[in-house]
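The residues making up each chain are set out below.
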Amino acid sequence: MFEKILIANRGEIALRIHRACKEMGIATVAVHSEADTGAMHVRLADESVCIGPAPASKSYLNIPQIIAACEITGAQAVHPGYGFLSENARFAEIVEAHGYTFIGPKPEHIRMMGDKIAAKVAVKSAGIPVVPGSDGALRSEAEALLAAEVIGFPVLIKAAAGGGGRGMKVALNAEALPEALSTARSEAKAAFGDDSVYLERYLSTPRHIEVQVIADSFGAVCHLGERDCSLQRRHQKVMEEAPSPAIDAAARARIGETVTRAVGALGYLGVGTVEFLYENGEFFFIEMNTRLQVEHPVTEAITGIDLVREQIRIAAGLPLSFTQDQVTFEGHAIECRINAENPRTFAGSPGLVTDFHAPGGLGVRLDSGLYTGYTIPPDYDSLIGKLIVHGRDRTECLARLKRCLGEMVVGGIETTIPLFQDLLAEPDIIEGRYDIHWLERWLKAQG
Amino acid sequence: MPDPKAPADPIDARLVRRLAAILNDTGLTEIEVERGDLRIKVARNLGGAAAGPTYYAAPPAATPGGAPPPAAGPAETLGDLVKSPMVGTVYLQPEPGAAQFARVGEMVSEGQTLLIVEAMKTMNPIPAPRSGRLLELLVTDGQPVEFGEPLAVIG
């Protein structure tokens, strides 16, 4: 086992990794920018190294400085957390080339999943369902109609050269197809200089459901169930829960098995998350994240498995500490991402935290580097804490979450705590009836 | 920003007055009641600013990179501080046994190497930012340094 690990990250996730290390008797090295000298991950680490000025490009993304920090501290392994360098295949290679262990997947898998087209091809051949679509560009209206009938209406017409929603049109049925096709073609021509379009099944009210997997170097692969992350704003997850209110045990076992088999076939190592859109009982692959996720604690809450501890064990060449049969799902967990933002406009609110009080009690976890007198720097993202609450069932979990939000105090700055308090009063949230568009619709209706 | 869901007048003035009267009658300093989503707290100002919440001090900062913390206010007022532009290990001479690049008290010229910082097997010469006297060397041979750590003072 490693004696010393360098944590190449900041904020709550650096603290999260530090905690796993300390419980395993491993010393920690924090790296930080000049803006984070007083941050909790720096204060709690056994050693810390300032690696650059405030901008992330010059500090948390500065590979030579991080390698130099390994050299001067004698750290044996690097944990990249999430964001920053966690999905940078080149960083993983450089770390290994210098004789240190990268706590994460193999660079080839990071690279494969980073290329969205290659990823879709790879997982499809490994047996994971993807959104059905036409193979290649459509030459005629007749060809489009034929393809649409095979795929099933409604269909989405997409520009082959597209992106950002331009050149995208929905056709609900065969009658609407010709017009949607010609509009999409002319938009694509205008926007990208290329009128090639293709078809995909249109999912109108999908949920975002993702499956947590973990694989060791002995070929053992397990899934740890799903997380429902449908509450999103601008493709950013806001609140996550496990298990999903939309999935039953049989569906969970089926998708879990599909993912486990595919991940095993790819020869994947470490923790990973396969993200899906879920509609009418069907799963469609979005992407695979080759790292620890922000919302991993909801899975930890219902399985009792410490994912960071497993990551470190796997990187050290040890086997998984459990088998699939030993994985059980107990109760319900919800995570709220507490951001330093205005709860309505979502404008960032950095600055001095004048008062801080953490909620507590049974089934309550707050992963946060906040303390009274801490100044939130304006240089990084606005996530300042994750409140994760566990209950024996969803009803108990919701009541406990409501209680915790009322207890938590963060003075001096604005936070998204009031947003969650409002959401917990919504019947749709209480009953678990929401899709990936729900939050944006609700925010719009609130004005 | 007004809460769009709040009723026109969320404050029950009569309730506040009643609570205030009870406060006076009983000589209490604070009453708090909760009805549904509404919570009202009436408190008597006892004069003098209320003390803020007290917290235990956070643990002291960890020692940077196993190195001693930067000396508090080295002869900064007397000269210009030369800071490390990178993380690495300091060497005061080009190779073991060789003469030191620069000694305290000597005159150095702009661009002259004061020391080197080794990082990733690369030797990075740290030049004097200007000509002057080397007043202080704040690091020792073989010492690990952080980004921004004070290395020397030139007067």
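Read on for an overview of the structure. (Residues numbered from 1 in each chain as written. Chains lettered and ligands numbered in written order. Predicted model: local features only at pLDDT ≥ 70, side-chain atom pairs only at ≥ 80, totals over all residues. Heavy atoms only, no water.)

### What about the sheet that holds strand β13 (residues 282-289) of chain A?
Residue and element names in this part refer to chain A. Just so we agree on the cut-off: Two strands form a pair only when DSSP identifies at least two bridges running between them. Helical segments are the DSSP runs of H or I of at least four residues, strand segments are the runs of E of at least two, and each set is numbered from the N terminus. The axes used here are C-alpha line fits, helices contributing only the stretch in contact, and every angle between their N-to-C directions lies in the interval 0 to 180 degrees. A contact between two residues is defined here by any heavy atoms of the two lying within 4.5 Å.
The antiparallel open sheet is built from eight strands, whose spatial order is β13-β12-β9-β10-β11-β14-β19-β17. Lying at the two open borders of the sheet, with one neighbouring strand each, are β13 and β17 (364-367). Each neighbouring strand pair of the sheet contributes to a mean axis angle of 25 degrees, computed without reference to strand direction. Taken together, the six bridges between strand β9 (residues 207-215) and strand β10 (residues 221-233) define a ladder with antiparallel strand orientation. Bridging from a neighbouring strand, Glu210 pairs with Arg227 of β10. The sheet contacts of helix α9 (residues 249-266) involve β9, β10, β12 (270-279) and β13, and relative to β10 the element is tilted by about 110 degrees. Running over the sheet, helix α11 (residues 307-315) touches β9, β10 and β12 and is turned about 40 degrees from β9.

### A closer look at the sheet that holds strand β7 (residues 169-171) of chain A
Residue and element names in this part refer to chain A. Taken together, the three strands give an open sheet; going across it, the order is β7-β6-β8, and neighbouring strands pair in antiparallel fashion. Two strands bound the open sheet, and with one partner strand each, they are β7 and β8 (197-201). Here the average twist between neighbouring strands, direction ignored, is 30 degrees. In this sheet, β7 lies alongside strand β6 (residues 155-159) in antiparallel orientation, the contact comprising three bridges. The residue of β7 that forms the bridge with Val155 is Ala171. Most of the contacts of helix α7 (residues 141-151) go to β8, to which it runs at about 20 degrees, and overall it touches β6 and β8.

### What to know about the side chain of A:Arg201
All names here are of chain A. Applicable threshold: Contacts described as polar in this section are N or O atom pairs within 3.5 Å, which, within protein, must combine one atom able to donate a hydrogen with one able to accept it, while residues neighboring in sequence count only if both atoms come from side chains.
Residue position: Arg201 is located in strand β8. Polar side-chain contacts of Arg201 include one of 3.1 Å to the backbone oxygen of Ile151. Engagement of the side chain of Arg201 in a polar contact is seen with the side chain of Glu282, the distance being 3.5 Å. Setting aside residues no more than four positions away along its own chain, Arg201 makes contact with Val131, Pro132, Ile151, Gly152, Pro154, Leu156, Glu282 and Phe284.

### A closer look at empty space enclosed by the protein
A probe as big as a water molecule, rolled over the atoms, marks out the empty space that is left. Residues and elements named next belong to chain A. This is how it is decided: Computed over the protein atoms alone on a 1 Å grid, cavities are sets of points where a 1.4 Å probe fits but cannot get out and pockets are open sets with protein on both sides within 12 Å along at least five of seven lines; a residue lines them when it has an atom within 4 Å of a point. Grid points are joined across faces, edges and corners, and a volume is the space filled by probe spheres set on the points. Polarity classes work like this: nonpolar for Ala, Val, Leu, Ile, Met, Phe, Trp, Tyr, Cys and Pro, charged for Asp, Glu, Lys and Arg, and polar for all others, with Gly in that last group.
Evaluation of the coordinates by the stated rule reveals two cavities of 30 Å³ or more. The volume enclosed by the largest cavity comes to roughly 170 Å³. Looking at the largest cavity, it is lined by 16 residues, and the ones nearest its centre are Arg10, Gly11, Glu12, Tyr374 and Leu383. When contributions to the lining of the largest cavity are tallied by element, the ones reaching two or more residues are α1 (11-23), α2 (40-44) and β19 (383-391). Among the residues making up the lining of the largest cavity, the classes are represented as nine nonpolar, four polar and three charged.

### Remarks on the packing of helix α5 (residues 107-114) of chain A against helix α6 (residues 116-125) of chain A
Residue and element names in this part refer to chain A. Let me state the cut-off plainly: In these notes the angle categories are as follows: under 35 degrees is roughly parallel, over 145 is roughly antiparallel, 65 to 115 is roughly perpendicular, and the rest is oblique.
Where α5 contacts α6, the axes come no closer than 5 Å and their chain directions differ by 105 degrees. As the angle between them shows, α5 and α6 are arranged roughly perpendicular. Judged by residue contacts, Met112, Met113 and Gly114 of α5 engage Lys116, Ala118, Ala119, Ala122 and Val123 from α6. Along the lines of polarity and charge, the residues of the contact of α5 with α6 split into six nonpolar, one polar and one charged.

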